Amino acid sequence: MKTEQRRLSTAEERRETVLRTAIGAFAARGYFGTTTTEVAKAAGISQAYVYRLFPNKEALFTAVVEHCFTQVRTALEGGAAEARSSAPEAVLESMGDAYARLISDNDLLLVQLHAQAAAVSEPAVREAVRAGYARAVEYVRGASGGSEEQVQQFFATGMLCHLIVSIDAESVDAPWTRTLAAGITHY
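Residues numbered from 1 in each chain as written. Predicted model: local features only at pLDDT ≥ 70, side-chain atom pairs only at ≥ 80, totals over all residues. Heavy atoms only, no water.

This paragraph deals with the packing of aromatic side chains. One pass over the full model with this rule turns up six aromatic pairs. Ring geometry for Phe 69 and Tyr 133: centres 5.1 Å apart, planes at 75°, overall edge-to-face. Placement of the pair is Phe 69 in helix H4 (residues 57-81) and Tyr 133 in helix H7 (residues 123-144), with a sequence separation of 64 residues. Here Phe 69 and Tyr 133 have matching classes, each one buried. (Phe/Tyr/Trp six-rings, centres within 6.5 Å; stacked < 30°, edge-to-face > 60°. Helix = DSSP H or I, 4+ residues; strand = E, 2+ residues; numbered from the N terminus. Buried < 20%, exposed > 50% of the residue type's maximum accessible area, 1.4 Å probe, protein only.)

Below is the structure:
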C-alpha cells in the first residue's frame, strides 16, 4: 500500500491563501467591519498564524489593496496588448474594456471602494491607495501614449464605472441612470 505524504504549505503559500481569503472578507465587510479572526477562520488557520504572516490588520488590508492593484495592472497590460492599433484612443479603449471586465468581479470592485473609503482616515491605507494609483496612472500614460487629459478622462470614466456597477444603475430605467451610463461599457 502506497502511503501518501502530506505536503505542508510554505509560509508564502499560506500568505497567498490568507490574502485571497481576506479579499472576500474585506469585500463583504470593509476594512472597519472585518476582523482578523474572521479572515483566519475563513482561511482555515489560527488568528495567531495570520499575525505571523501579517503584523496587524492594517498590514493585511494594505497587502490586499496592493494585490488588487496588481490585478488591475495585469488587466491593463492585457488590454493594451489587445488594442486594435497603437493610437492612444485605441489603447485606452482596450484597457478600459479590460478594466470593466475585471471589476465585474464584485470582490475586487468592493475592495477598491472600501480602500478608498478607509483611505480618508487611515494613513497606511491612504498611502497604499496612492501608491497603487501612482503606478496605474504612470502605466496607463506610458502604455497608451495618451495626453494628460486623455489619461485623466480614462481614470474618471473608471471611477464612474465603479459608481454605475456599485449602485446597479443598469437595473434602474431612469433619465439620470441613462445619463451616467451613456457610452460606458460595463459587464
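Past the structure itself, the notes keep going.
Relative to the elements of secondary structure, Thr 21 occurs in helix H1 (residues 11-33). In this view, Thr 21 contacts Val 39, Ala 42 and Ala 43; residues no more than four positions away in its chain are not counted. (Contact = heavy atoms within 4.5 Å.)

Looking now at the pattern of salt bridges. The final tally for this structure, using the stated rule, is eight salt bridges. Of the charged contacts in the structure, one is a salt bridge between Glu 138 and Arg 141, with a shortest N-O distance of 2.7 Å. Residue Glu 138 and its partner Arg 141 are both found in helix H7; the two are separated by three residues, about one turn of the helix. With relative accessibility at 45%, the residue Glu 138 sits in the partly exposed group. Its relative accessible area of 24% is what places Arg 141 among the partly exposed residues. Measuring nitrogen to oxygen at the nearest pair gives 2.2 Å for the salt bridge that ties Arg 141 to Glu 148. Each of the salt bridges in this network shares a partner with another, and the network as a whole consists of Glu 138, Arg 141 and Glu 148. (Salt bridge = Lys/Arg side-chain N within 4 Å of Asp/Glu carboxyl O.)

Before going further, it helps to spend a moment on a nonpolar patch on the surface. Side chains of Leu 163, Ile 167, Val 172 and Trp 176 sit close together on the surface and give an oily, nonpolar patch of about 340 Å² of accessible area. Along the polypeptide, Trp 176 turns up in helix H9 (residues 175-181). Residue classification places Trp 176 among the partly exposed residues on the basis of a relative accessible area of 47%. (Patch = residues over 30% accessible without salt bridge, like charges linked within 9 Å, V, L, I, M, F, W, Y side chains within 5 Å. Areas by Shrake-Rupley, 256 points an atom, 1.4 Å probe, with all protein chains shown as cover.)

Close contact between helix H6 (residues 106-119) and helix H8 (residues 148-166) brings their axes to 11 Å; oriented N to C, the two are set at 115°. Relative to H8, the element H6 lies roughly perpendicular. Read as a crossing pair, H6 and H8 show a hand that is left-handed. Residues Asn 106, Leu 109, Gln 112, Leu 113 and Gln 116 of H6 form the contact with H8, whose own contacting residues are Met 159, His 162, Val 165 and Ser 166. Taken together, the residues of the contact of H6 with H8 break down into four nonpolar, five polar and no charged. (Axes fitted to C-alpha atoms, helices over the stretch in contact; angles between N-to-C directions. Parallel < 35°, antiparallel > 145°, perpendicular 65-115°, else oblique. Left-handed = near helix turned anticlockwise from the far one by under 90°. Nonpolar A, V, L, I, M, F, W, Y, C, P; charged D, E, K, R; others polar.)

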